[in-house]
Each structure stands twice: as structure tokens, then as C-alpha cells.
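# Observations on the model geometry
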Amino acid sequence: MDNAYKVGALAVRERWSMVKPDALAALDATTSEEIAIFAGSFDSVQNVFTHLEKDYSFAPSSLEGVRICFENCPGDDDAKHLEELRSFVEAGGWLVTSDWALKNVVEKAFPNTVRWNKASTGDEVIGVEPMLATLWDEVTVPGVEPQWWLEGASYGIEVLDPERVEVVAASHEMLVKYNAPVVAVRFDWGQGHVFHIVSHFWLKRSRAPGVRHRGPASDFMFQGMGLSEEQVASVFDRARVKPGEVNFASIQSAVTSIELVAGLCVQSARSQTSPRA
């Protein structure tokens, strides 16, 4: 998937330069001091930032001046860290968490919102149905579900407060297999915001369940991202990746993850002045 992320990051920048240049400018204006990432032994969202050529602060000693904080799976459930994250969000910060951080961070720091439903997935790839007017909905191809990799033992999400919690993406496969259709959620807390996703932002694989998924990555870049032939050729050339090395399904998964990460950074920057500054 590394090649898919290399190509995907350049393709996302190319798309944004055409359809939302203000968002691209806001992303580029965000400084490393405004993006915090905490280590996790399973997820590595920092790799997405590396391919986006965005600097960040890794495990900062303070969240002073940070706009958005990413907590990699499994999440740190140290009581002092949880209190720091809760205070950060209450003061206007954005927190983004993945997979096991649902139980280790979100349940504990933001009670009665969402929780682990006690179901654990297999190591598999599922089809995802994004909700309309969400970040996930921006780069889709009609009739071709986005594919999302699940780590073995990913945690299913149960929404406890549907009035507060917005479901961003769901999966019929997750419903059938684990009675846990929710793939991603978001909710406000205090002056800030929390976003959580099943599995990881740094995806390790995809799948190609249909003919179109097995097609070339360029098909997705044309149809899902609106890039021209010249732009697609330039992206592959700059990424130093041969077009045949990445298929439709893998670029679709990588671009989905990249768009989510980049979009959340922009939304956090636009929603607030720097918290706790």
C-alpha cells in the first residue's frame, strides 16, 4: 500500500488545487506545532502526513497551541494523558482516534457517547457506505463501494447518544458479521470535536471484489477525483511509481484515508482559533 499512498497523496493535492484551492492553502498553512500525533503500536497516521509532505509534532510534552491531535491505535489510557486530551477538546481542540483508542481513550475521556460493542473483527477488507455531505463522500465512484481494511480484532462501535454522535460512514458487511455497522463517527464536546474510525488510517491492504476494483488506478483518478490524463501521468511520474503497480481498489482506499486526514486538519483550522494559546 505504500505506493498507493505515494500516488494518492499527490493526487489529492492535485484534486484540491482544482476544486478547493482555499482548503489546500489552509492545509499548507497549518504548522507542525498545530498538529500533534501520539504513537501507537498498531496505527501510523504519521506516515500519511509524510506522504502529504506535512510536518507535525510527535508526542509533544504539551498541547499548548495545538489545533488537532491524532491518537494512534491502541491509544494511551494513562489517566493524566486522558485528562489532558479531554481538557484539550473542551477548550476547542480536535481529537482524532483510531480503532482500540475507542475503548482506551474515547470511552474513558468522553463517556456516554460511543463505546466498544464487544465485537472484534477479523483481518479483512469491507465495503463502506459513506454518508452524504461528509469528508468520506467527496471522492466516490457511483456503484463502486470504497474498501476499508480492518485490522484483526478491530473494535466495533456502539453509539450511545445518537442525538450527539453523527455517523459518518457505515458498512452492511459489518452489520451482518458483527452487529456493528458504524465505521466512523464524530461528535462535539465542549468547544471542540472528536472523530473516531474503525481500524487504521495507515491501511495495510485493500481488496478487489469486482471488475472495476481490479482495474487501473487511473480509472479512479479520472472518475472519482476528476483528474485529467496529463495530471494522472504527472502524479505517477512524480511519485516514481509505475501505473501498473497500483490498482483501482488500493488507490481508492489510500485516497479515502488521505482525504479524511487532510480534511480533518483543514476543518479543525477553520473551526477555531488556536486552543489554549
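Residues numbered from 1 in each chain as written. Predicted model: local features only at pLDDT ≥ 70, side-chain atom pairs only at ≥ 80, totals over all residues. Heavy atoms only, no water.

### Comments concerning helix H2 (residues 21–29)
If you check which residues of H2 are buried, you get Ala23, Leu24, Ala26 and Leu27. Along H2, the residues classed as buried sweep out an arc of 160 degrees about the axis, all on the same side. Residues of H2 that are exposed and point over 90 degrees away from its buried face: Asp22 and Ala29. Along its buried surface, H2 packs onto helix H1 (2–19) and helix H9 (248–271). (Buried < 20%, exposed > 50% of the residue type's maximum accessible area, 1.4 Å probe, protein only. Helix = DSSP H or I, 4+ residues; strand = E, 2+ residues; numbered from the N terminus. Arc of directions from axis to C-beta. Contact = heavy atoms within 4.5 Å.)

### A closer look at the packing of H1 against H9
H9 packs onto H1 with a crossing angle of 55 degrees between their chain directions and a minimal axis gap of 8 Å. Judged on the interaxial angle alone, H9 and H1 are oblique. Relative to H9, H1 is oriented so that their crossing is right-handed. Contacts between H1 and H9 involve Ala4, Tyr5, Val7, Gly8, Ala9, Val12, Arg15 and Trp16 on the former and, on the latter, Ser250, Ile251, Ala254, Val255, Ser257, Ile258, Glu259, Ala262, Gly263 and Val266. Per-class residue counts for the contact of H1 with H9 are twelve nonpolar, four polar and two charged. (Axes fitted to C-alpha atoms, helices over the stretch in contact; angles between N-to-C directions. Parallel < 35°, antiparallel > 145°, perpendicular 65-115°, else oblique. Left-handed = near helix turned anticlockwise from the far one by under 90°. Nonpolar A, V, L, I, M, F, W, Y, C, P; charged D, E, K, R; others polar.)

That is the geometry; function is a separate question.
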